[in-house]
Amino acid sequence: MSEAGGGRGFGSSVPQRAPWSLVAATAAFCLVSATSVWTAGASPMSREEKQKLGNQVLEMFDHAYGNYMEHAYPADELMPLTCRGRVRGQEPSRGDVDDALGKFSLTLIDSLDTLVVLNKTKEFEDAVRKVLRDVNLDNDVVVSVFETNIRVLGGLLGGHSLAIMLKEKGEYMQWYSDELLQMAKQLGYKLLPAFNTTSGLPYPRINLKFGIRKPEARTGTETDTCTACAGTLILEFAALSRFTGATIFEEYARKALDFLWEKRQRSSNLVGVTINIHTGDWVRKDSGVGAGIDSYYEYLLKAYVLLGDDSFLERFNTHYDAIMRYISQPPLLLDVHIHKPMLNARTWMDALLAFFPGLQVLKGDIRPAIETHEMLYQVIKKHNFLPEAFTTDFRVHWAQHPLRPEFAESTYFLYKATGDPYYLEVGKTLIENLNKYARVPCGFAAMKDVRTGSHEDRMDSFFLAEMFKYLYLLFADKEDVIFDIEDYIFTTEAHLLPLWLSTTNQRLSKKNTTSEYTELDDSNFDWTCPNTQILFPNDPLYAQSIREPLKNVVDKSCPRGIIRVREESFRSGAKPPLRARDFMATNPEHLEILKKMGVSLIHLKDGRVQLVQHAIQAASPIDAEDGLRFMQEMIELSSQQQKEQQLPPRAVQIVSHPFFGRVVLTAGPAQFGLDLSKHKETRGFVASSKPYNGCSELTNPEAVMGKIALIQRGQCMFAEKARNIQNAGAIGGIVIDDNEGSSSDTAPLFQMAGDGKDTDDITIPMLFLFSKEGSIILDAIREYEEVEVLLSDKAKDRAAILKGKMIPSYIINSNPEMENEEQPSSENDSQNQSAEQIASSSQEVDLVDQESPEESSLNSHPESLSPADTDNAASISPSEQNSNPTENHETTSLDGECTDLDNQLQEQSETEEDSNPNVSWGKKVQPIDSILADWNEDIEAFEMMEKDEL
């Protein structure tokens, strides 16, 4: 899924029509013969071990789904750290991420067909009844058209597809009379007003109750949408038309795809990330296979598979040829400019591109799929999860991980295509990491920072819709699934649509004869099925031979060697454009080049140098684009300078009963005191200091002696607080924010600065917690006087924390199947991670059209935080913080020695009012004793499962 969401997912089979090219047939017809090639040279996983892992997946799903139903339903999503539901308007706004929430029990609808795939037919029948009874689609709430289509419309259609299948089998759903389909049709009509544009591209958002443009709608003024947002509709809308006979849905989705195809850049055959829905102009002209574009390519190929329209395959092949020509730099997939495709647009990759190896399997191009998948797996082995973004030299760029399923998806399809047991071992690693690092008592929590292991109070619906589906199918044999999965195709949200739709109500399924297609190299598409000799040479070690050179690619990467500036684009002896790393403000030739690119250099009074780009002042469009690239590189360069000055976040892990290391809190570091990245972690019980602000000599030194002192922010310098608690005998300190309600989820983290004096006398570690995270410790103290915490650079393995203590193995391993295994981080890993930063200030700058009067500039002056009290702090940009993709004004300043940080605190968006009085959407806030009771039930369940040898 693009931008905010979950995954792509595609089926492993295709409609069985007349013979056609292997380009789309590989996963369907070639699996059996391919498997026989691979397994000859590999050590297969036993049937018993596969069943054991499949049972683990079932137990994990029960843990996630059961906690959602118990603690969150009918809310859209579960907040697994606080054990309550996330309700739009009742929690601090998270920006565009919240556009997926529509007060329609999102997680339940998204999980419907997962229940059937996992053989939970009784639970599926109960869930369908709840949807029909409780879900209201007429709420006064603004939602994403894209997310609502793939998650809710797709979920209803997937549920309907399997409901009629079960009804035909004669045991379950005998009462069902297409009720889910009627709900899907109702929702489809609610989304149609979004297509009321001159281009046919839909508005990105719509009000479920009031539609578009009405004053009550609070939407309809947007001008831009992402390519994937407009191009990921055809499967769901066409299926709705084929199921109901109402052709209008398929017509609207086809019109949007046709428009995107016509607007492709004709010389490169690439599309941009963001497009104007009224004019069709590209707003962001960079192109890749990750966020913003990904599922557009996926749906072109799958539309051919599901609908049988050759034009979709021709379009996909045209785009795929361009992707492999320009974007693919094995094993990397790097964004380029659509007008200048030989030039990289950025030096990092986002996690959403992990779906692409799976799409290449469906295409039949196995070798690059193996290469990219192996590179991604090496990144996961280093960080336990795939960071939201990482650089070409495999450093963390954006550190969070919302439990995305794209890598699991590609793993499943590579296994289906090759039969190589290696991919079963990869899936086993994913299961272990989820249980060891993401599992919490009330579900599975997203990772706030993969380097520290801290959690975010978030469990997206796509986690249940996709992750467990792909993992279960990876280990399942055909007889383990109650229906033939080959009869369905997966949508981008892994919802199942039956392939027989290709021959139903196909009035619109005809070849597009109006579009012109670029003549391609036929050798890329001349395979016919079966033909394993091309895809799978007669060598059982073929896949291993592809993976082997990539085993150490993460640890032995060279940043400048991987990013190639393609010199063939600089023909006729022309000089390559000026690179940011080579720029010198005192070089007259460089200043002249900047002027040609429309970049002005301004000397500020404080001695800094500011660069501002006016695209309209560039000598030519090409020079303007070179200027854009230069500004982007300058942002990357200044970001790296900030990384060298700033410290990464730290972790506070509660290790005492009943937490046992399961709760990890994101903490801000200090520029003084013990450096936790270079020394052993500090462990101890916590105690509140008196006075609580710690600004004078403590009156309760006996209480904090040998413990970690809790102190409140405010009224004096951080360093002064540290000295006072150190003098009282504390072994560490945790400063808790005095701004009630502040949270690392919504506010930038920052590092505590010194007081301008020599702070070498401070030898204890100091960390900072926002109010929400600090309250978790304070609440625990109120319930349990003895609360023990671990201060470290990143969360520690629970097996290491609890070593030597009489603790049941399920507490250490999070599930009864996993072995008790210590995995301490190496010193090198720790040092590498400590060099990272919570987020990069790298921005994508959009090339402004020449006639536009707007200007583009960039400012790399390190940000500073101006605290309300006298504490001095240095702001660290949050990993969620991203520039608006349509922002045209950026500034950068060159000053490597500047240490202040500009104020990055952002006002939280106003939350929407609850407008649906018919359903109770109140928060299910639980006291800690209730939560602990739930944990005890969890523990008892694990004990029972151990006895049953699940």
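Note on numbering: residues in each chain are counted from 1, in written sequence order. For this predicted model, a pLDDT threshold of at least 70 governs which residues receive local features, and a threshold of 80 or more governs which side-chain atom pairs are given and counted, while totals over whole chains, interfaces and linings are taken from all residues. Calculation of side-chain values draws on the structure's entire complement of heavy atoms; hydrogens and water are dropped beforehand.

Rules: UniProt positions are given in the numbering used here, feature names are shortened, and annotations may be inferred rather than shown by experiment.
Under an unreviewed UniProt entry, the protein chain has the name alpha-1,2-Mannosidase and belongs to Balaenoptera musculus. On record in UniProt, under Sequence similarities (unreviewed entry), the comment for the protein chain is "Belongs to the glycosyl hydrolase 47 family."

**Some words on the overall build of the protein chain**
Heads up, the rule is: Numbered from the N terminus, helices here are DSSP runs of H or I no shorter than four residues, and strands are runs of E no shorter than two. For the exposure calls, accessible area comes from a 1.4 Å probe over protein chains only, and a residue counts as buried if that area is under 20% of its type's maximum, exposed if over 50%, partly exposed in between.
Along the backbone of the protein chain there are 30 helices and 33 strands. Within the protein chain, the fraction of its 950 residues that count as buried is 63%.

**So, the state of the cysteines**
Test applied: Cysteine sulfurs are considered disulfide-paired once they come within 2.5 Å of each other.
Counted by the stated rule, this structure contains three disulfides. In this model, cysteine 226 is linked to cysteine 229 through a disulfide, with the two sulfur atoms separated by 2.1 Å. With the S-S bond torsion at 90 degrees, the cross-link from cysteine 226 to cysteine 229 turns out right-handed. Judged by its relative accessible area of 4%, cysteine 226 is buried. Paired by a disulfide, cysteine 695 and cysteine 716 hold their sulfur atoms 2.1 Å apart. Where cysteine 695 bonds to cysteine 716 through sulfur, the torsion about that S-S bond is close to -85 degrees, and the disulfide is left-handed. Of this pair, cysteine 695 sits in the loop between strand 25 (682-688) and helix 24 (701-704) while cysteine 716 sits in the loop between strand 26 (708-712) and helix 25 (718-727), and the two are 21 residues apart along the sequence. With respect to class, cysteine 695 is no different from cysteine 716; both count as buried. For the protein chain, numbering the cysteines in disulfides from first to last along the sequence yields the connectivity 1-4, 2-3, 5-6.

**Thoughts on the sheet that holds strand 12 (residues 348-350)**
Hydrogen bonds along the backbone pair up the strands of a sheet, which may run parallel or antiparallel. Convention followed: Any two strands with at least two DSSP-identified bridges between them are counted as paired. Only the stretch in contact is used when a helix axis is fitted, and all axes are lines through C-alpha atoms; the angle between N-to-C directions ranges over 0 to 180 degrees.
Taking strand neighbours across the sheet as the criterion, the three strands line up as 12-13-14 in an open arrangement whose pairing is antiparallel. Each end of this open sheet is capped by a strand with a single partner; those strands are strand 12 and strand 14 (396-398). Across this sheet, the average inter-strand angle for adjacent strands is 30 degrees, counted without regard to direction. Two elements, strand 13 (residues 389-391) and strand 14, share two bridges in a ladder whose sense is antiparallel. Among the inter-strand pairings, alanine 389 is bridged to a residue of strand 14, identified as tryptophan 398.

**Examining the packing of helix 10 (residues 234-244) against helix 12 (residues 294-307)**
Between two packed helices, what matters for the description is the angle formed by their axes and the separation of those axes. What counts is decided by this rule: Oblique is the label for every angle not falling under 35 degrees (roughly parallel), over 145 degrees (roughly antiparallel), or within 65 to 115 degrees (roughly perpendicular). What makes two residues a contact is simply this: any of their non-hydrogen atoms within 4.5 Å. Three classes are used, and their members are as follows: Ala, Val, Leu, Ile, Met, Phe, Trp, Tyr, Cys and Pro are nonpolar, Asp, Glu, Lys and Arg are charged, and the others, Gly among them, are polar.
Relative to each other, helix 10 and helix 12 sit at 20 degrees, their axes nearing to 10 Å. With respect to helix 12, the axis of helix 10 lies roughly parallel. On the side of helix 10, the interface is formed by Ile234, Leu235, Glu236, Ala238 and Arg242, while helix 12 contributes Tyr299, Lys302, Ala303, Leu306 and Leu307. Broken down by class, the residue content of the contact of helix 10 with helix 12 amounts to seven nonpolar, no polar and three charged.

**Structural notes on the packing of helix 14 (residues 356-363) against helix 16 (residues 406-418)**
Note the cut-off: Should the near helix be turned anticlockwise from the far one by less than a right angle, the crossing is termed left-handed; should it be turned clockwise, right-handed.
Look at helix 14 against helix 16: their axes get within 7 Å of each other, and the N-to-C directions meet at 30 degrees. Comparing their axes, helix 16 and helix 14 come out roughly parallel. Helix 16 is crossed by helix 14, and the crossing has left-handed handedness. Contacts from Phe356, Pro357, Gly358 and Val361 in helix 14 reach Ser410, Phe413, Leu414 and Ala417 in helix 16. Across the contact of helix 14 with helix 16, the residue classes break down as six nonpolar, two polar and no charged.

**Quick word on the UniProt feature "binding site: Ca(2+)" (unreviewed entry) in the protein chain**
Following the UniProt record, one finds the feature "binding site: Ca(2+)" (unreviewed entry) at Thr492. A relative accessible area of 0% means that threonine 492 is categorised as buried.

**Regarding the UniProt feature "active site" (unreviewed entry) in the protein chain**
UniProt annotation of "active site" (unreviewed entry) refers to Glu147, Asp294, Glu388 and Glu406 when read in the numbering used here. When its relative accessible area of 4% is taken as the criterion, glutamate 147 is described as buried.

**A short note on the pattern of salt bridges**
The following threshold applies: The rule for a salt bridge is simple: a side-chain nitrogen of Lys or Arg has to be within 4 Å of a carboxyl oxygen of Asp or Glu.
Enumeration according to the criterion identifies 48 salt bridges in this entry. A salt bridge links aspartate 477 to arginine 47; the nearest nitrogen and oxygen atoms lie 2.1 Å apart. One end of the pair, aspartate 477, is in the loop between helix 18 (461-475) and strand 19 (488-490); the other, arginine 47, is in helix 3 (residues 47-71), with 430 residues separating them in the sequence. On the basis of relative accessibility, which here comes to 28%, the residue arginine 47 falls in the partly exposed class. The partner of glutamate 91 in a salt bridge is arginine 84, with the nearest N and O atoms 3.0 Å apart. In terms of burial, glutamate 91 and arginine 84 fall into one category: buried. Within this structure, Arg47, Lys50, Asp477, Glu479 and Asp480 form a network of salt bridges that share partners.

**Details of the pairing of strand 25**
Examined bridge by bridge, strand 25 and strand 30 (residues 788-792) share four bridges and lie antiparallel to one another. When the sheet's bridge partners are listed, arginine 683 is paired in strand 30 with leucine 790. Where strand 25 and strand 26 come together, three bridges link them in parallel fashion. Bridged to valine 686 within strand 26 is isoleucine 708.

**Here we look at the confidence of the model for the protein chain**
Inclusion rule: pLDDT expresses how confident the predictor is about each individual residue, on a scale running from 0 to 100.
Residues at a pLDDT of 70 or more form 71% of the protein chain, whose mean pLDDT is 78. Long-range and interchain partners of residues 509-534, a stretch whose pLDDT sits below 50, account for 54 contacts in this model, where long-range means more than four residues apart. Segment residues 814-925 is flagged for pLDDT under 50; beyond a separation of four residues in sequence, or across chains, it makes 330 contacts in the model.

**Considering the environment of alanine 585**
Locating alanine 585 in the fold gives a position in the loop between helix 21 (559-562) and helix 22 (588-596). Using a relative accessible area of 30% as the deciding quantity, one classes alanine 585 as partly exposed. As for alanine 585 and leucine 601, which are separated by 16 residues in sequence, their C-alpha atoms are 8.3 Å apart. Those residues in contact with alanine 585, other than ones at most four positions away along the chain, are Leu591 and Leu601.

**Remarks on the sheet that holds strand 5 (residues 224-226)**
With antiparallel pairing, three strands are arranged side by side in an open sheet as 5-6-7. Of all the strands in the sheet, the pair left with one neighbour each is strand 5 and strand 7 (282-284). The mean angle between the axes of side-by-side strands here comes to 35 degrees, regardless of whether they run parallel or antiparallel. With two bridges connecting them, strand 6 (residues 274-276) and strand 7 associate as antiparallel partners. Bridge assignment links threonine 274 to a residue of strand 7, and that residue is arginine 284.

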